[in-house]
Amino acid sequence: MKNKLIRYAAVAVGVATLAAGALAADLKVGLSVSLSGPNSSLGIPYAKGMRAALAYLPVIAGRKVQLIVLDDGSDPTTAGRNARKLIEEDKVDVLMGTSGVPSTMAMAQVAEEDKTPMIGLAPISPTANPWVVTVAQPTQLMVDAVVERMKRNGVKTVGYIGFSDAWGDLVYNALMKAAPAAGIKVVGNERYARSDQSVTGQALRIIALHPDAVMTGGAGTPGALPFLALADLGYKGGLYGQHGLINADFIRVAGASANGALMPTGPVIVAGQLPANYPTKQIALTFRKVYQQVNHAPTTDAFSAYSFDGWLVFADAAKRALAASHAQPGTPAFRTALRDAIVSTKEVVGTHGVYNFKPGDAYGVDRRARVIVKLENGKWKLAP
Amino acid sequence: MTWEVALILSADGLANGAVYLLAGLGLVLVFSVTRVVFVPFGDVIAFSALTLAAFEAGRTPPTIGLVLTLALLALAAELWRLARRREFARMPRALLLWGLLPALPCVFAWAVAGRTLPAVVTIVASIALVVPIAPLIARVALQPIADASVLVLLIASLALHFLLSGLGLLFFGPEGFRTEPLVGGALTLPGGFPVSAQTLLMIAAAIVLSGLFYLLFERTLHGKALRATAINRVGARLVGIRPARTAALAYGGASLLAGLIGVLVAPVTTMYYDSGFIIGLKAFVAAIIGGLSSYPLTAAGALAVGLVESFASFWSGALKDVIVFGMLIPVLLLRSLLVARVEDEEEEIDG
């Protein structure tokens, strides 16, 4: 896989270099994602989504786009080093990446230091970094949707079990912020490590508190552990997850134990089930078609779609930046123009939502970027 | 904490402890005979579990290619050694032992893959397929440096772990797998909390296997040869026990244990390409409690690790591993006070 991507990147660079006999300089996109290591289940779809995006829009405002892909091995230090390499050696115009909040933050820091715009593909902690935006939904927006649904379903108390890392904290803090306003009490806060073999102890503690529902803060296949433990122990209350669990491998491992669980996600996951007038339906279906053509497999995850959206935001901003300034791609002046264009993005329709960025806010999506889905017999069903 | 909760945690802890027990026995077996802390043990566990998962998914497990490649390397090493010593008469035997023997489970696995067969057949195929892995990599990478210091052997075995775990990622991908439970159903404890039959099976397997282990060591000639090598390598050589052969036997035994552990844990935990390492590490804590030499102390240590882990996850999920590995400190203190220090003697052994 990794080799294939590297080869692909090399070919892309090679083809683009040949084509660069043309007068105008090419646009360069630097992507650093986790193609190996524990986050690779997210990183590989990110890279495949980006391949689809490149195939969908290979030329922006008459200029070819080069895509350079690096592997950060799920390590924040490597992610930061990759970012610097992409900026200083490859002279990219925009950075994109990566799987995992810590690695994304590491790249964001480099982007700010080297004054290069970055489009993050994962949620990032809110900081005043004028060079970075992200296409992911803020965790709060997603968790708010879950809490709204809990309230509608008459949940009064909820137990929480999540990762003992930044992701577990993010979800927990968002839950603590949203739940009291909805009159819901959070009664337990249990944590486990991604590499743990069993969460029976933590699940027992939650069950002993008799909550109406359990909310989990995990991601990917390790996120299936609480569902399996709760089912083994015969827990009968409501099950709620979050967007980190929207993943085909999660369904495979969790099996029947997560049946009926409700989770928030970007609408792209259930594109086919959306009402015809939903703003993102058309582009989401187009993305699926392109992805199938490029990768010869259907897309079932949310991550590849973030890459696609990152590309769409970049394409729109690059068009405006090229029109507004005379700076050539590859120069600091162009990077500044591109940054200014990105943070003034207006109503760009992507697969996950409709993007409106403004200076000072890294997030650019609104309520149109989330739907609640229910896991029914191994399939996500829109639960309006 | 109520009684039911304590019961469930104990059952969970004993099931984990059973796994650490078997893994600990394997580690002690290899260390006492060869002085190698066999870090790739955990990877063999993961390979066994993921091979079974591949069979269940109807795929041909890539483990076959690994075993065949290793067999070729080991065969080449063995033939080269014999050729240099001009012992051509022993070559057919080497061909049989290092070439044909490891190929048998590969053929079996290849025949089994992609068919719907009873679970027993795929389980046997998975275990049989991983059994050659440890002896083969040991023959290729560890036997040539068998007389190096313990530290060198440890680093070499660590390097092998990273190699195998990288191959695991390449073969099976980053995602976790679970296999079908070997036995269904559950036993309901008073109070309504169920204990799964799989947990009971794991505990039973540990008891039966450690019993077999004991018999093997006490009653068979091969077992006695292993014990003799563990007690005194030079002495064992003097009475005609070949260290290379006992080493291969020890690695084979450890590999078999790892294969069994793999199919036992795969239905109850999500196995990733690198999950085996954590199991091996916790079994290593148990083996340290047993001083890397005593089987009964290792078994007791393994059960203690399992129980502490289970109760720790109830009291503080986030600090679970800290508590388990923290157990090492008092154990090492106690051992250094109670047990006279044995110098690691540099033994003069060739071949």
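Residues numbered from 1 in each chain as written. Chains lettered and ligands numbered in written order. Predicted model: local features only at pLDDT ≥ 70, side-chain atom pairs only at ≥ 80, totals over all residues. Heavy atoms only, no water.

1. Comments concerning the overall build of chain A
For clarity, the threshold we go by: Secondary structure elements are taken from DSSP: a helix is a run of H or I of four residues or more, a strand is a run of E of two residues or more, and numbering for both begins at the N terminus. Throughout, the radius of gyration refers to the C-alpha atoms, and the reference size of a globule is 2.2 Å times the residue count to the power 0.38. A simple rule labels every residue: compare its accessible area, found with a 1.4 Å probe on the protein chains alone, to the largest value its type can have, and call it buried under 20%, exposed over 50%, or partly exposed in between. By definition, residues are in contact when any of their heavy atoms lie within 4.5 Å. Here the Shrake-Rupley method, with its probe set to 1.4 Å, supplies the accessible areas, and only the displayed protein chains count as covering residues. His is not counted, nor are the chain ends, whereas Lys and Arg count as positive and Asp and Glu as negative. For the purpose of locating charges, the reference atoms are NZ of Lys, CZ of Arg, CG of Asp and CD of Glu.
Assigned secondary structure in chain A consists of 12 helices and 15 strands. Here chain A has a C-alpha radius of gyration of 21 Å; the compact-globule value for 384 residues is 21 Å, and the two agree. Taking the principal axes of the C-alpha coordinates as reference, chain A spans close to 70 × 40 × 40 Å. Looking at chain A as a whole, 61% of its 384 residues qualify as buried. Restricting to contacts in chain A with at least 6 residues of sequence separation, those with at least 24 account for 70%. Of the roughly 14200 Å² of accessible surface on chain A, 57% is carried by carbon and sulfur atoms. For chain A, the centre of its 39 positive side-chain charges and the centre of its 28 negative side-chain charges are spaced 6 Å apart.

2. Some details on the overall build of chain B
Within chain B, the secondary structure is distributed over 15 helices and two strands. Here chain B has a C-alpha radius of gyration of 21 Å; the compact-globule value for 351 residues is 20 Å, and the two agree. Along the first, second and third principal axes, the C-alpha atoms of chain B reach 70 × 55 × 35 Å. In chain B, which comprises 351 residues, the proportion classed as buried is 51%. Sequence-distant contacts in chain B: of pairs separated by 6 or more residues, those separated by 24 or more amount to 76%. Summed over its atoms, the accessible surface of chain B is roughly 16100 Å², and 71% of this surface lies on carbon and sulfur atoms. If you average the places of the 22 positive and of the 20 negative side-chain charges in chain B, the two averages end up 10 Å apart.

3. Observations concerning the pattern of salt bridges
Should the charged atoms of two oppositely charged side chains come close, the side chains can pair. Put simply, the test is: What makes a salt bridge here is a side-chain nitrogen of Lys or Arg within 4 Å of a carboxyl oxygen of Asp or Glu, nothing more.
If you walk through the whole model with that rule in mind, you get 22 salt bridges over all chains. Each member of the salt-bridge network shares a partner with another, and the members are D196 of chain A together with K282, E309, K320 and D321 of chain B.

4. Topic: the interface of chain B and chain A
The test is simple: Values labelled buried area give the accessible surface lost by two parts on being combined, using a 1.4 Å probe and summing over both. Within 3.5 Å is the distance limit for a polar contact, defined as a pair of N or O atoms, with the added protein rule that one can donate a hydrogen and the other accept it, and that residues adjacent in sequence qualify only through two side-chain atoms.
On the side of chain A, 27 residues touch chain B, which itself brings 27 residues to the contact. Summed over both sides, the interface between chain B and chain A buries roughly 2300 Å², with carbon and sulfur atoms accounting for 55% of that surface. A salt bridge links D196 of chain A to K320 of chain B; the shortest N-O distance between them is 3.4 Å. Scanning the region where chain B abuts chain A turns up seven residue pairs in polar contact (both at pLDDT 80 or more). Counting only elements with at least two residues in the side of chain B that touches chain A, the list comes to α1 (3–34), α12 (275–289), α13 (295–315) and α14 (320–326) of chain B. Here the side of chain B that touches chain A gets four residues from one element, more than from any other, and that element is α1 of chain B.

5. Quick look at helix α7 (residues 200–208) of chain A
At 3.6 residues per turn, the α-helix brings residues three or four places apart onto the same side. Counting buried positions along α7 of chain A yields seven of nine residues, so the element is predominantly enclosed. Residues T200, G201, Q202, A203, L204, I206 and I207 of chain A constitute the buried set of α7 of chain A. On its buried side, α7 of chain A packs onto β7 (157–163), β8 (185–192), β9 (213–217) and α8 (225–232) of chain A together with α1 and α13 of chain B. Looking one or two places after α7 of chain A, you find H210 of chain A, whose phi comes out positive at around 50°.

6. Concerning the packing of helix α2 (residues 40–56) of chain A against helix α10 (residues 281–295) of chain A
Residue and element names in this part refer to chain A. Heads up, the rule is: Each axis is a line fitted through C-alpha atoms, and for a helix only the stretch in contact is used; angles between axes span 0 to 180 degrees, taken between their N-to-C directions. Any angle that is under 35 degrees is reported as roughly parallel, and any over 145 degrees as roughly antiparallel; angles of 65 to 115 degrees are reported as roughly perpendicular and all others as oblique. Gly is placed with the polar residues, together with every amino acid not listed as nonpolar (Ala, Val, Leu, Ile, Met, Phe, Trp, Tyr, Cys and Pro) or charged (Asp, Glu, Lys and Arg).
Put simply, α2 and α10 touch, their axes get as near as 9 Å, and they point 100° apart. Our classification of the angle between α2 and α10 gives roughly perpendicular. Where α2 abuts α10, its residues K48, G49, R51, A52, A55 and Y56 lie against I283, T286, F287, V290, Y291, V294 and N295. Its residues placed into classes, the contact of α2 with α10 shows eight nonpolar, three polar and two charged.

7. Let's talk about helix α12 (residues 332–342) of chain A
The set of residues buried in α12 of chain A consists of F334, R335, A337, L338, R339, A341 and I342 of chain A. Buried residues belonging to α12 of chain A abut β1 (27–33), β4 (94–97), β5 (118–120), β6 (132–134) and α11 (303–324) of chain A.

8. So, the environment of L79 of chain B
All names here are of chain B. Secondary-structure assignment places L79 in helix α3 (residues 63–84). By relative accessible area, L79 is classed as partly exposed at 24%. L79 sits 13 residues away from P92 along the chain, and the two C-alpha atoms are 9.5 Å apart. Excluding residues that lie within four positions of it along the chain, L79 makes contacts with M91, A94 and L95.

9. Quick word on the domain arrangement of chain A
All names here are of chain A. The condition is simple: Marked domain ranges trace back to an automatic or database domain assignment.
Considered domain by domain, chain A is made up of domain 1 (2–137 + 284–366) and domain 2 (139–265). Counting residues at the interface gives 11 residues for domain 1 and 10 residues for domain 2. Of the roughly 940 Å² buried where domain 1 meets domain 2, counting both sides, 64% is carbon and sulfur surface. Sorting the residues of domain 1 by area buried against domain 2 places V101, Q137 and F303 first, and these three jointly supply 38% of that buried surface. Taken together, the residues of the side of domain 1 that touches domain 2 sort by class into six nonpolar, three polar and two charged.

10. Brief notes about the confidence of the model for chain B
All names here are of chain B. Short version of the rule: Within a predicted model, pLDDT stands for the predictor's per-residue confidence, ranging from 0 to 100.
Predicted confidence across chain B gives a mean pLDDT of 88, with 95% of residues reaching 70 or more. Looking at the elements of chain B, mean pLDDT is at its lowest for strand β1 (residues 186–188), recorded as 72, and at its highest for helix α2 (residues 41–56), recorded as 94. For the stretch residues 346–351, pLDDT sits under 50, and the model shows 10 contacts to residues farther than four places along the chain or on other chains.

11. Digging into the environment of V195 of chain B
All names here are of chain B. Mapped onto the elements, V195 comes out in strand β2 (residues 194–196). A relative accessible area of 8% means that V195 is categorised as buried. As a C-alpha pair, V195 and A11 span 184 residues in sequence and 7.2 Å in three-dimensional space.

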